[in-house]
Amino acid sequence: MNVPLLGRDQETLVEAHYEASGSLPLLLGELGVSLVVSTYQAGKLLVVGSDRGELSVSFNNFDRAMGIAVRPDRIAVGTRSQLWFLNNSSELAPRIEPLGKHDACYLTRSSHVTGEIQSHELSFAGNDLWIVNTLFSCLCTLSPEYSFVPRWQPSFVSELAAEDRCHLNGLAC
């Protein structure tokens, strides 16, 4: 399918091309889920779902979107130099056209500036958001006083430095 989108400069329309297997919309519909996918090359966050057996894709602009963490009330998106937080305003969902189609509505509500840490992956663990901080070769969390707080690094990484000494890019909780 081809979809016109705003380019990275936000002024130029570019075409997005995507394909999906015929069973994907049926599977998403059967499971009652949507997929949230990032693409840092295009600077997009995609929400892929199913609407009456047809694939539904929405594109959202985020500068170099990488890691994503999702919980029912919130989505965190790691971008070029900050983390964005989208809160679920589920009371708005039933009022979005077409009526009755949406069960959640995530709105951007805040962000945390980290600088360019290359946040390859994110995960909520309790009340904390854990971040794969690829540039500094560590796992970190957030603090209002700092860009990030290092929590773990491989034993062979001798110090924190913006050098990608160990290309961490995955996290499991």
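The structure under discussion appears in the preceding block.
None of these values were measured; they are calculated from a predicted model.

Enquirer: Give me unusual backbone geometry: which residues, what numbers.
Expert: A negative phi holds for most residues other than glycine; trans holds for most peptide bonds. The backbone of Arg 52 sits at a positive phi, close to 55°, despite the residue not being glycine. On the secondary structure map, Arg 52 appears in the loop between strand E4 (44-51) and strand E5 (54-61). Phi angles above zero are rare outside glycine, and Asp 164 is one such case at about 45°.

Enquirer: Now, about the nonpolar core: what can you tell me, with residues and values included?
Expert: Ranked by size, the top nonpolar core spans 14 residues in total, and within it Ala 76, Leu 122, Leu 129 and Ile 131 carry the most contacts. Those elements that place two or more of their residues in this core are strand E8 (82-88), strand E10 (119-125), strand E11 (128-133) and strand E12 (138-143). The contact partners of Leu 129, leaving out residues within four places of it in the chain, are Ala 69, Ala 76, Leu 83, Phe 85, Leu 122, Ser 123, Phe 124, Cys 140, Thr 141 and Leu 142.

Enquirer: Report on the packing of aromatic side chains, specifying residues and quantitative values.
Expert: Across all of its chains, the model carries 2 aromatic pairs by this definition. Both rings, one in Phe 136 and one in Phe 148, keep their centres 5.0 Å apart while their planes meet at 55°; by these two values the pair is tilted. Within this pair, whereas Phe 136 is found in the loop between E11 and E12, its partner Phe 148 is found in strand E13 (residues 146-152), the two being separated by 12 residues in sequence. A cation over an aromatic ring shows up here: Arg 71 above the ring of Phe 124, its NZ or CZ 4.5 Å from the ring centre.

Enquirer: Give me the pairing of E13: which residues, what numbers.
Expert: Side-chain positions along a regular strand alternate between the two faces of the sheet. Judged from the 4 bridges that link them, E12 and E13 form a sheet pairing that is antiparallel. Across the sheet, residue Ser 143 finds its bridge partner in E13, namely Tyr 146. The turn linking E12 back onto E13 is made up of 2 residues.

Enquirer: Please give an account of the sheet that holds E4 that cites residues and values.
Expert: As a general point, the strands of a sheet are linked pairwise by backbone hydrogen bonds and lie either parallel or antiparallel. Judged by pairing direction, the sheet is antiparallel, and its 3 strands sit side by side in the order E3-E4-E5 without closing on themselves. Of all the strands in the sheet, just strand E3 (35-39) and E5 have a single pairing partner and so form its edges. Going from strand to strand, the sheet's axes swing by 25° on average, the running direction of each strand aside. Judged from the 8 bridges that link them, E4 and E5 form a sheet pairing that is antiparallel. Note on E5: the bridge partner recorded for Asp 51 is Glu 54. Across the sheet, helix H1 (residues 23-31) lies against E3, E4 and E5, angled at about 80° from E4, the strand it touches most.

Enquirer: Can you lay out the side chain of Thr 114 for me, pointing to particular residues and giving the numbers?
Expert: Residue placement: Thr 114 occurs in the loop between strand E9 (106-113) and E10. According to the relative accessible area criterion, Thr 114 is buried, its value standing at 6%. Apart from the residues lying within four places of it in its own chain, the contact partners of Thr 114 are Ser 81, Gln 82, Leu 83, Leu 142 and Ser 147.

Enquirer: Describe the sheet that holds E9, and please don't skip the residues or the numbers.
Expert: In space, the 4 strands of this open sheet follow the order E6-E7-E8-E9, with antiparallel pairing throughout. Whereas interior strands pair on both sides, the edge strands pair on one side only; in this sheet they are strand E6 (68-71) and E9. In this sheet, neighbouring strand axes are inclined to one another by 15° on average, regardless of whether the strands run parallel or antiparallel. Direction of pairing for E6 relative to strand E7 (residues 74-78): antiparallel, over a ladder of 4 bridges. Pairing of Ile 68 across the sheet is with Val 77, part of E7.

Enquirer: Any details on a nonpolar patch on the surface? Residues and values, ideally.
Expert: A cluster of nonpolar side chains, contributed by Leu 27, Leu 31 and Val 33, occupies part of the molecular surface with about 260 Å² of accessible area. On the accessibility criterion, Val 33 (37% relative accessible area) is partly exposed.

Cut-offs applied
- Residues numbered from 1 in each chain as written.
- Predicted model: local features only at pLDDT ≥ 70, side-chain atom pairs only at ≥ 80, totals over all residues.
- Heavy atoms only, no water.
- Helix = DSSP H or I, 4+ residues; strand = E, 2+ residues; numbered from the N terminus.
- Core = buried A, V, L, I, M, F, W, Y, C linked by side-chain atoms within 4.5 Å.
- Buried < 20%, exposed > 50% of the residue type's maximum accessible area, 1.4 Å probe, protein only.
- Contact = heavy atoms within 4.5 Å.
- Phe/Tyr/Trp six-rings, centres within 6.5 Å; stacked < 30°, edge-to-face > 60°.
- Lys NZ or Arg CZ within 6 Å of the ring centre and 35° of its normal.
- Pairing = 2+ DSSP bridges.
- Axes fitted to C-alpha atoms, helices over the stretch in contact; angles between N-to-C directions.
- Patch = residues over 30% accessible without salt bridge, like charges linked within 9 Å, V, L, I, M, F, W, Y side chains within 5 Å.
- Areas by Shrake-Rupley, 256 points an atom, 1.4 Å probe, with all protein chains shown as cover.
- Salt bridge = Lys/Arg side-chain N within 4 Å of Asp/Glu carboxyl O.

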